Amino acid sequence: MSGQLVTVDRIRCDGFGTCAQLLPERIHLDEWGYPIIDPTPVHRTELQHAKRAVNACPRLALSLVKAPHAEPARPAAR
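Residues numbered from 1 in each chain as written. Predicted model: local features only at pLDDT ≥ 70, side-chain atom pairs only at ≥ 80, totals over all residues. Heavy atoms only, no water.

### Section: the pattern of salt bridges
Put simply, the test is: One speaks of a salt bridge when a side-chain nitrogen belonging to Lys or Arg is within 4 Å of a carboxyl oxygen belonging to Asp or Glu. Helix numbers and strand numbers start at the N terminus; a helix is a DSSP run of H or I with at least 4 residues, a strand a run of E with at least 2.
Scanning the model with the defined rule gives four salt bridges in all. A salt bridge links Arg 26 to Asp 38; the shortest N-O distance between them is 3.8 Å. Of this pair, Arg 26 sits in the loop between helix H1 (18-22) and strand S2 (27-29) while Asp 38 sits in the loop between strand S3 (35-37) and helix H2 (47-56), placing them 12 residues apart in sequence. Salt bridges sharing partners connect three or more residues here, namely Arg 26, Asp 38 and Glu 46.

### Section: H2
Which entries qualify depends on this criterion: Burial here depends on accessible area, computed with a 1.4 Å probe over protein chains only, as a share of the maximum for the residue type. Under 20% is buried, over 50% is exposed, and the range in between is partly exposed. Throughout, the arc means the angular range of directions from the helix axis out to the C-beta atoms. Any pair of residues with heavy atoms lying within 4.5 Å of one another is described as a contacting pair.
Listed as buried for H2 are Leu 47, Ala 50, Ala 53 and Val 54. Relative to the axis of H2, the buried residues are bounded by an arc of 120° and lie together on one face. The exposed residues of H2 that point more than 90 degrees off its buried face are Gln 48 and Asn 55. At its buried positions, H2 is contacted by strand S1 (4-8), H1 and strand S4 (62-66).

### Let's talk about the environment of Gly 15
Looking at where Gly 15 falls in the secondary structure, it is placed in the loop between S1 and H1. Gly 15 sits 46 residues away from Ala 61 along the chain, and the two C-alpha atoms are 9.8 Å apart. Excluding its chain neighbours within four sequence positions, the residues that come into contact with Gly 15 are Gly 33 and Tyr 34.

Geometry only, nothing functional implied.
Okay, here's the thing in structure tokens:
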């Protein structure tokens, strides 16, 4: 995993659909043409495609952000 997530600024997005065309493995469009993004971290094999989709967004609504790391589970108290 690359440790990055694709995110969308829903206020900036105008529903052009370019992102879904460039990254169909991770982005699908709803019935109005707005992106529904896979919330899991981008795999390293998809990272170049994700960067291309982010850079091609005409409204600059997509971005790649560092994925938060979940805290490891703590052992139960004895």
